[in-house]
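# Chains, contacts and geometry: an overview
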Amino acid sequence: MTEPDIIDRAAMALSAGLMLTGIVVLGVVEILAGQPYSPVPITNDAGEVVATPLIDPTLRTGLVLAGIAVLGLYAAYRLVTPMPEETTTRKEVPAD
């Protein structure tokens with residue numbers, strides 16, 4: 001197995017950053033903002049919107065999907081690039 005190069009590290013960092021931002025960071029922001037925890041606007045009996053979420057669920061979903069797309073592009077990159085030859089030198093040891 002080869003050591004991760006700069007493209008490997010960049011793809012992992014970008015995808016992890018996007019997904020963690022969409023799930024964890026914006027989730028904590030929603031919790032700190034208080035009620036409502038519903039992803040859809042809350043209406044009363046008359047149909048008036050009385051509460052909406054602070055962060056639009058479409059934005060959060062978009063960030064997570066962008067992270068997954070980065071991982072997909074990285075997988076496609078790894079499929080089309082040739083594997084480097086193994087350069088380890090084997091040391092021959094005589095049998096006793």
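Preceding block: the structure.
Residues numbered from 1 in each chain as written. Predicted model: local features only at pLDDT ≥ 70, side-chain atom pairs only at ≥ 80, totals over all residues. Heavy atoms only, no water.

This next bit is on the side chain of Asp-8. Considering the arrangement of structural elements, one finds Asp-8 in helix 1 (residues 6–33). Ignoring anything within four residues of it in the chain, the contact list for Asp-8 reads Glu-3, Tyr-74 and Arg-78. (Helix = DSSP H or I, 4+ residues; strand = E, 2+ residues; numbered from the N terminus. Contact = heavy atoms within 4.5 Å.)

Turning our eyes to something else, we now look at the environment of Thr-81. Tracing the chain through its elements places Thr-81 in the segment after helix 2 (57–80). Through-space distance from the C-alpha of Thr-81 to that of Arg-60 is 32 Å; in sequence the pair is 21 residues apart.

Considering all chains together, one arrives at one salt bridge under this definition. The partner of Asp-8 in a salt bridge is Arg-78, and the shortest N-O contact between them spans 3.6 Å. One end of the pair, Asp-8, is in helix 1; the other, Arg-78, is in helix 2, with 70 residues separating them in the sequence. With relative accessibility at 4%, the residue Asp-8 sits in the buried group. Judged by its relative accessible area of 31%, Arg-78 falls in the partly exposed class. (Salt bridge = Lys/Arg side-chain N within 4 Å of Asp/Glu carboxyl O. Buried < 20%, exposed > 50% of the residue type's maximum accessible area, 1.4 Å probe, protein only.)

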